[in-house]
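# Examination of the molecular architecture
Chain by chain, the residues:
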Amino acid sequence: MQVIEKPTEIKLDRHAVIEASAGTGKTYTITHLVLRLLLEKQLTISQILLVTFTDKATSELKARIHEGIGDKLTEQGLSSAEKRLLEHALRDLHLASIHTIHGFCQRVLKEYAFEQGSVLDKSLVDDSTVFIKQLQMLKRTWPAIEGISEKLSNTELSTQQLDDLLIDLAKKVKPGDVIYPESAEMALLKANQQMEQFNTTALEDIEADFKSLEGLSAKVLENRWRDKLMFVVNEINALKESGLILEQLIAVFPMLKKTAKAVINTSDIKKQPALKKLAGAPLFKAYFDQLKLLLNQFEVAIIAENYQFVIAMVEALQQRVKQHKVSQGQISYDDMIGDLAAALKVESGSENQALTNRLRDKYRVALIDEFQDTDAQQWSIFQHVFTAHKGEHQLVLIGDPKQSIYGFRGANIYTYEEAKSYLMTNAQQGLGYRLSTNFRSLPALTDKLNQFFTYQSEQQTSWYESEEVMVFSPPKSKQEEAGGPLLLADDSGLSELNSITVVEEGLLVDGLKQQISIQIGRVIQQQLMGQMSFKRKGSEKTLDAGDICILVRNKKDAKPIEHVLDRLQIPHSFYKKTDLYQSEAAIQIQLVLTALAFPNMKKQVNNAWLSLFFEINTAQIRHLSQQQGLINDDEALSQFLSIWLKLKSLSKQQDWVALFNVLFEETGAVKRLYATGKWRMLANLQQIKQELLKVSLDQQLDAHGMLHLLLSSRSSQLISKEDWQQKDTEIPAVQIMTIHSSKGLEFPVVFLFGGFSAPAHNHKFCKYYDSSITAQVFNLVDNQTKLYLAEVEAENKRLYYVAMTRAIFKLIVPVYNESIYQAHNNAYVFYQNQVVARLLESGMANPIKQLTQDSVLASEEQKPLIKKIPLLNISEDLVNKSRIIHSFSSLQRYRTEDKTHFGNSPQMDLAQADDVKTEPVSTIDQIPSIPGGAQTGNVLHGIFENLDFNLVSEHKNLNEFQKDQSVMSVIENQMKVFLMNDGDILDDAGVLRSSYSKEFAAWVWHTLRKPINAIGGRQLCELEDADRRHEMSFYWSQSGHVLTGFIDLLFKLKGPAGDEYFILDWKSNFNAGGYAPDSLADQVMKAHNYHDQYRWYTLAIKAWFNSLRLKNAKLVGSLYLFSRGIDSISGNQDGVFYEDLTTDEYSLTHLETQLIKNIQSIGDEQKGLL
Amino acid sequence: MRPIVTVNYLQQSFPGYDLDWLWVSEKLQLDLAHIQLLRDFQSQWQQHDPRLLLALLFLVDAVNRGSLCLLINDDDLQKHACSLQLTGIEKHINKLDLRELKLSSRTVLVLDQGRLYFQKHHFQEALLQKDLSTLITQSEAEVFSHDAIKKHANTVVGSLPYQLDGQQIQALLTSLLQPFSIVSGGPGTGKTTILLSLLRVLVRLGVDVKKIALAAPTGRAANRMTESIENGLTVIGETGDLTFEDIKAMSSTTIHRMLGANPQSRKNRFHANNWLPYEVVVIDEVSMVDLELMNQLIQAISARTKLIFLGDQFQLPSVQSGALLADLMPPVGYDGLNTLAFLATLQKLWPINGQSLSSQSTTQKAQLLTDRVTVLQVSKRCQPHIAMLSEQVRQGDAGSFLNKVNKLAGDVYSIWSQETQIDGVSWQGHKDHQNNSKKLYQTWFAHFYAGVSAAGLSYVEMVQTLRYRQIGRVGVKPESLAVIFSLIKSQRILTLTHRGRNGTESINGLIGGWLKSSLGVEGMDDCFHGAIIMIKRNDATLGLYNGDIGLVLEVAVNQFQVFFESAGNFQCFSIHLIPDYRLAFAMTVHKSQGSEFNHVLLPLTENLESPLLSREIIYTGMTRAKKSVLIFGSEKALKQAIINKTVRNSGLTFWSDPENSCTSGA
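Since this is a predicted model, take the numbers as computed values, not measurements. (Residues numbered from 1 in each chain as written. Chains lettered and ligands numbered in written order. Predicted model: local features only at pLDDT ≥ 70, side-chain atom pairs only at ≥ 80, totals over all residues. Heavy atoms only, no water.)

## Observations concerning the packing of aromatic side chains
Both the distance between ring centres and the angle between the ring planes are used here to describe each pair of aromatic rings. For clarity, the cut-off: Planes of paired rings set the category: under 30 degrees apart is stacked, over 60 is edge-to-face and the rest tilted, where pairs are Phe, Tyr or Trp rings (Trp by its six-membered ring) whose centres lie within 6.5 Å. Each helix corresponds to a stretch of at least 4 residues labelled H or I by DSSP, and each strand to a stretch of at least 2 residues labelled E; elements are numbered beginning at the N terminus. Exposure is judged per residue with a 1.4 Å probe applied to protein chains only, and the accessible area is read against the type maximum: over 50% gives exposed, under 20% gives buried, and values in between give partly exposed. By definition, being over a ring means that NZ of Lys or CZ of Arg is both within 6 Å of the ring centre and within 35 degrees of the ring normal.
Applying the stated criterion to the full structure yields 57 aromatic pairs over all chains. For the ring pair B:Phe445 and B:Trp514, a centre distance of 6.0 Å and an interplane angle of 40° mean the geometry is tilted. With B:Phe445 in helix 19 (residues 434-450) and B:Trp514 in helix 22 (residues 504-519), this residue pair connects regions lying 69 residues apart in the sequence. When its relative accessible area of 7% is taken as the criterion, B:Phe445 is described as buried. When its relative accessible area of 10% is taken as the criterion, B:Trp514 is described as buried. Counting every residue linked through ring pairs, the aromatic cluster contains A:Phe452, A:Phe453, A:Trp463, A:Tyr464, A:Phe753, A:Phe756, A:Tyr800, A:Tyr801, A:Tyr816, A:Tyr821, A:Phe830 and A:Tyr831. Taking NZ or CZ as reference, B:Arg394 lies 3.7 Å from the ring centre of B:Phe314, over its face.

## Things to note about the packing of helix 17 (residues 376-386) of chain A against helix 18 (residues 413-423) of chain A
All names here are of chain A. The following threshold applies: To define axes, lines are fitted to C-alpha atoms, for helices over the stretch in contact only, and angles between the resulting N-to-C directions are given on a 0 to 180 degree scale. For classification purposes, an angle smaller than 35 degrees is called roughly parallel, one larger than 145 roughly antiparallel, one from 65 to 115 roughly perpendicular, and anything else oblique. Left-handed describes a crossing whose near helix is turned anticlockwise from the far helix by less than a right angle; the clockwise case is right-handed. Contact criterion: two residues are considered in contact whenever any of their non-hydrogen atoms come within 4.5 Å of each other.
Following both chains from N to C, one finds helix 17 and helix 18 inclined at 20°, their axes separated by 10 Å at the closest point. Overall, the two elements helix 17 and helix 18 adopt an arrangement that is roughly parallel. Relative to helix 18, helix 17 is oriented so that their crossing is right-handed. Here helix 17 contributes Ala376, Trp379 and Gln383 to the contact with helix 18, which in turn contributes Thr415, Glu418, Ala419, Tyr422 and Leu423.

## Regarding the interface of chain A and chain B
Rules: What gets called buried area is simply the loss in accessible area from a 1.4 Å probe that two parts show on being joined, summed for both. The salt bridge criterion pairs a side-chain nitrogen of Lys or Arg with a carboxyl oxygen of Asp or Glu, the two atoms within 4 Å. Any N or O atom pair separated by 3.5 Å or less is treated as a polar contact, with the protein-specific requirement of one donor-capable and one acceptor-capable atom, and with residues adjacent in sequence counted only for side-chain atom pairs.
The interface is formed by 40 residues belonging to chain A together with 45 residues belonging to chain B. Here chain A and chain B share an interface that buries about 3600 Å² over both sides, 50% of which is from carbon and sulfur atoms. At the surface where chain A touches chain B, the tally comes to two salt bridges. For A:Lys602, the salt bridge identified is with B:Asp539, shortest N-O distance 3.0 Å. Summed over the shared surface of chain A and chain B, the result is six residue pairs in polar contact (both at pLDDT 80 or more). Elements represented by at least two residues in the side of chain A that touches chain B include exactly helix 6 (127-141), helix 14 (282-328), helix 26 (602-609), helix 27 (618-626), helix 28 (635-653) and helix 40 (965-977) of chain A.

## Quick look at the nonpolar core
In plain terms, the rule: By nonpolar core we mean a set of buried residues, namely Ala, Val, Leu, Ile, Met, Phe, Trp, Tyr and Cys, connected to one another through side-chain atoms within 4.5 Å.
B:Phe401, B:Tyr459, B:Met622 and B:Ile631 are the most contacted members of the largest nonpolar core, which totals 92 residues. In contact with B:Met622, not counting residues within four places along its chain, are B:Ile386, B:Leu389, B:Ser390, B:Val393, B:Phe401, B:Val425, B:Leu602, B:Val629 and B:Ile631. With 80 residues, the next largest nonpolar core counts A:Cys549, A:Ile736, A:Tyr816 and A:Tyr821 among its residues.

## Thoughts on the confidence of the model for chain B
Residue and element names in this part refer to chain B. Quick reminder of the rule: pLDDT is defined as a per-residue confidence score from the predictor, taking values between 0 and 100.
For chain B, the average pLDDT comes to 84, and 93% of its residues sit at 70 or higher. Looking across chain B, the model is least confident in helix 26 (residues 658-665), with a mean pLDDT of 44, and most confident in strand 9 (residues 280-283), with 95. Within the model, the stretch residues 661-666 combines pLDDT values under 50 with seven contacts to residues more than four positions away or in other chains. Both scores are available for the predicted complex, with the pTM at 0.56 and the ipTM at 0.70.

## So, a negative patch on the surface
Residue and element names in this part refer to chain B. Rules: Candidates for patches are residues over 30% relative accessible area with no salt bridge; among them, like charges are joined within 9 Å and nonpolar side chains (Val, Leu, Ile, Met, Phe, Trp, Tyr) within 5 Å. Areas reported as accessible are Shrake-Rupley estimates using a 1.4 Å probe. Residue values count occlusion only from the protein chains shown. Under this rule, positive means Lys or Arg and negative means Asp or Glu; His and the chain ends count for nothing. Note on charges: their place is set at NZ of Lys, CZ of Arg, CG of Asp or CD of Glu.
Among the surface-exposed residues, Glu142, Asp208, Glu245, Asp246 and Glu279 lie close enough to one another that they form a single negatively charged patch. Structurally, the position occupied by Glu279 is in the loop between helix 13 (255-259) and strand 9. Taking relative accessible area as the criterion, Glu279 reaches 30% and is therefore assigned partly exposed.

## Focus: helix 5 (residues 75-83) of chain B
Residues and elements named next belong to chain B. For clarity, the cut-off: This arc is taken over the directions from the axis of the helix to the C-beta atoms.
Listed as buried for helix 5 are Leu77, His80 and Ala81. Buried positions in helix 5, seen along its axis, are confined to an arc of 105° and lie on one side of it. Turned more than 90 degrees away from the buried face of helix 5 sit Asp75, Lys79, Cys82 and Ser83, all of them exposed. Two or three places before Asp76, at the opening of helix 5, Asp74 has a side-chain oxygen 3.2 Å from that residue's backbone nitrogen.

## A few points about the sheet that holds strand 9 of chain B
Residue and element names in this part refer to chain B. Operational definition: Two strands are said to pair when DSSP picks up at least two bridges between them.
The strand order 8-7-9-10-6-11 describes an open sheet built from six strands, whose pairing is parallel. Either end of the sheet is taken by a strand with one partner, and the two such strands are strand 8 (253-254) and strand 11 (373-376). Looking at chain direction, strand 9 and strand 10 (residues 306-311) are connected through four bridges and run parallel. The partner of Val282 across the bridge, within strand 10, is Ile308. Of the strands in this sheet, strand 6 (180-185), strand 7 (212-216), strand 9, strand 10 and strand 11 are in contact with helix 10 (residues 191-204), which crosses strand 7 at around 160°.

Shown next, in the form of structure tokens:
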């Protein structure tokens, strides 16, 4: 392996294996390689295949390449040819093959379905559910198996355990893997051999040795020797004489095992530590160990017999699952890889290599990132495609064997080693490189970690060879050039590698976790937050909670930490998407969705009513059923009933955005949660909502579909395709995450936590790689084989390597001696024996002074507590208007041709009214008219939405129009819906002039009849039904910010160059200053933020048009029509506000940056409150 | 939703069989459970002969269509086998030793006299045959003296404000004399009258009311039974009878509940070793009882109990397998149902009034059920034209039906108008066209909902006044509700299906929409002021049963209550608390069983392949009407429906073939 500093040292015409230790700039290297390939090898971007490990990495890499090409283009001294190459690459970047391994396989399977001879469109399934279902089917056939009940009872597994074991094995065992025990005969043979070797003579010395043991009385020892040990020995002799017969062995074995255990057992050792390891009697110990080994082998033979059934069933289950998926046209993530590998394998043996050839033609170079997490199947794909013809293709494998921590998911470090040596054979002539400059961490920390990983002494062996693990910091100048990391100020009093400990002694594991959690919390609060400032990636910052990460071994370990941080009021969040669906929030949403899917199941409905969204109690529900649903004396309850009705109606219309809005906002649930500081719950609710919405929009789900979606997310074991990094709230929070999910991330300060106790031995089998047979082994019998233990230890090292290298400035590690905590029964605990012992021995970690309760109190007085954060409001108008769009067809959801709805309008929402804040009437000097207010606005909207525009054009004059019964019935209906009574309108002289309903008709008449200059003097009543979309909902999301809302009307006109679209808002506002366009713009529009409103509308609509790729569709302008001011006959444009949206100010990018800035400024304001 | 059996699935389940899977999956009614059974079953076979598998697929089809067995000489099976060039199915199956074909060491199939069964059905059938025979032949039920019967029957019948005809009296006497009896008759033939008289006579004969149980297959039918007893007694009026109130207080229950069914355990409380503690058990609507339930019932009946079945053998049989009532009735060809001796006994009990009990004696050999069955043919209530035409339907005589039906001209969609109304059966044979059906429903709506009713106001107007009114508390008297409910109950659109243009869903949508806009209300599809709904599930705690009709009213803003009529009074519940429901301006014929309306509109489906176009459905639908029926559908569809008789095969034989018995009995 050649140690290199710069990616320029890599040869482009050879295969390469690049080992990149943590923080050595892997992404940078890949980006650079791509650039070189473009320029030096003159490849097109689409000839390069880039395979990454996660979707997040994919998009990051894409962005980096984009950036890299851009930067290169601005460099001086590029030839015009080079420039052209880069420009083309930039242009074609969207064609680049940057995929996850699954994405790559899926694409190939799809694009080359023809070559590969399979069904075109397969639906993606979650293997877990298929396996469960197929196992149930398989079990139905069991009754037909001879002697099934005996077979089942022999496995000694409960039904649930057996199910789990079968599914687990069937999922994990791949072609070529081996399951132990292989066969009962072999195991018996081995047992026999071992029995022959077992020495049963010359017992006198051993006996003497045994009886000399200290700690047990002579009498006890005597008895044990005679009754227990001799019994076992005699039985074995008997077995020997008769020759080992399985039936006989099965008959005596349980007794043998029991008796042998009783000779010296763990409880003896517990009571008498002197007996530990039988140190006093070496002869006996050797003999006893031999005996135990023999018994073990006996057991293996018996188990082997008993497990034959299990193994047969694993195969049967695998076959079934395969068949099922093929027949149903389904594919799982694992299958994508498996299918492609299989397809290529078939081809490799045949004449027709269509698929292989297509792939070989398409790509010249393949760069595989995170190759240490690959498995044999994945490797076989790349090996087959890219290494067959020397010189034609280059395969570049990038990875770090020290960071292979996905063994549980099927990754296999041996594949990495195999691939590496294969590429570096003489035949392939690949070259090996090692990146050794660490850009991530502070040089001092880098040094400490180098020391740690290579430390060795008499007690401790080195974790890694120094050339494998040592990294060097770049010279200071380079570091500055790269923008950090640099510590600007540090008042924390902490060193780069710190140990944290507790004073209490004799702790049990829970106590230890609790005490360490408290210490961590105090260190964060007193020594870290606000006490450091640093520069990273070019920007300077004072350390806040968001810069701290606590790495745990598993989810359970997070609990004590979360508890302490809660108590200290330090914001924190657990980073894991799957956890989201296990949260209380998911359950609460599930309750409501269940009731909406089954609105007539009393129990489900009751449960939903008691969910956190509604403030009703059981007494109220009882009251409700006693009163048969008529509630006059309980306002809260009757209000609740109308909300529930609305939810049911929205669920029927599948208007999920509106539904969630009602559920979260109108019920007051969000406000209540804020008031009580339940940010976590709130954030989870929002996040689940967003995910559900995203899918429901794609698939047009009904209530059952939504429920199903939520339930399957809750039960799915699928590792999220998307890495979630959305924070719980806008507040910076301490990140708590498992080491596995921390991979690829970095944090200024990292705490290690957990791993204090040995994992429970509840795994059903052990999996390890046996190099003697070059195969992966699944051992059902022996869970302590050396190979397995060694593998576990290696994986543990890699895990802590990953964990410790996440830190940029400071790493804090819990350390304790045996008097504080000793792992139960002295079981081997990696953390204690390897990490803690090493740190204690070497003293390389700087101990943190114990922080006591007192200092916390003192500091609490000095420092203000974190303030409650106010609700994040973008704009009240937008929050209140909340609907969604997704596809053009769904816009028609409210339209009446939908089979059965006649005169059916969606339930209007009082809070949706746009002119809530109407100026006091007294200040307005004008003709009496309909009073202002939300009600009026709602009625007007309702009328415009439900009125047949043709009715307007049919009539010659207003008088006739007002007499048309069908017009007036729409108006009266809308007034009824919004509980508005008709009223008289008197003129100045007090004479009856008109009525509210007539006045509404007049407004409508004038508004729809007004020739509007902005649309070429056309009248709105000319618009065809098909060209109008009322109550258009929209949805926009960008970098975690989501904007939803709905627009009164979107209409289109035929323009010279295609369809021209307009946004329109109906307004019933008063304006004291008159209704001339200019004064509208200056006064009303400004006062109500309408200028912002249409800006966001524009943003949403344009983004939407973009995503639909509508040809020739153009958003041209925005109309705000103030009905009170419009006179259709007058020549002026009073009451009409128009904004041209074709200018640069309304370009998509401009609006997007503006909105994000806006949101951030709100965020900053909030930070100011801290 | 029922999982669909796809071609793919079939191929995969039965590898190595070269059948026409497409045809099989499209034409046969197959269900997943049976297919899985067959799949597991055939994998155990030594030789894979497609003939047996084909027959089994047809058997599954037959079972799903309500039969208990497949005739192995079934025409369709033979025909399809021929097309696959498979011959000798019948022979092949006869040759097989079906007992040897096992699944999990159990026999699956039984062949019994040319009928192929799944073992389960055969067992149940044989059990019923045996138990019913035992019940009849070894009864220990109390025998009343002829004198006592004569005396009390005379008093009771004499006290009625109306006359009973010969058939009815014969039915009454038969049920008093025999330990087991069946009374079959269409609507209006007087089953309720017979039931009432029977109860009264029994009480006079000294039977404790508590020892009499009344039951029906569904909660709805049970409710109706209770109601009709109550109404019947009201019509008769107070007669000074001491037992009157006792009988009035009797109520009917579902058979399941009577048997003490418990969803948690599979076993009923009453069964073969724990008989029902009654002296008399009367079951109404027996046509809706399926084989399994019938078995459970018969098992729980002790030898000391008198059992009486009431029903209409020509109505739709139960949704599940079996057509029990039809199987209990004599096949065509029997000239009489009674022996001469029995008729003489009857005559002796009824010499007065000179009324002749018209039944003929049989010339055939007495059978198990001879002298135990009465068929009522004279309908009192039924409009004669409807009675006549429903008889044509029953006999499958499409020709004379079309001759006699009142045909509407091309553009006439209504037989109802303010002035005149054409009673009887009418037919609008217009080709089904979207506009036509919409026009039809529009006239229906205009007449029955928007039009002025007998009460002087339209449904719309009456319902309108009830909006935002808190009924029962302020203002509105239940009378106005009673009027509305009588309007609701007077008419109904009865459909064959839920889906399609002439299915309940779209008709309910249309009428609901019109109703909403004429009432000027908003609301959800099935929750708005004025909606008429039907409950889909039982809820015993609320006392609501599948099929109950309710009226939705908006009693305060956004507060909806549903009103149900029960025994002249009204119950109401919050819309959120009632079980699952659907709109009921239109309902399916199946759901309408046991109900009657003055006016019925019966739109047919135009899918000529639909098994729902059947004689039984048309008959049932038509006989729901007391005054008028309008059938809407093409001539083809109507003819098809009248001709198409649902055949349900079973091996139950309570009557031997008349041909044979004639010769042997002479």
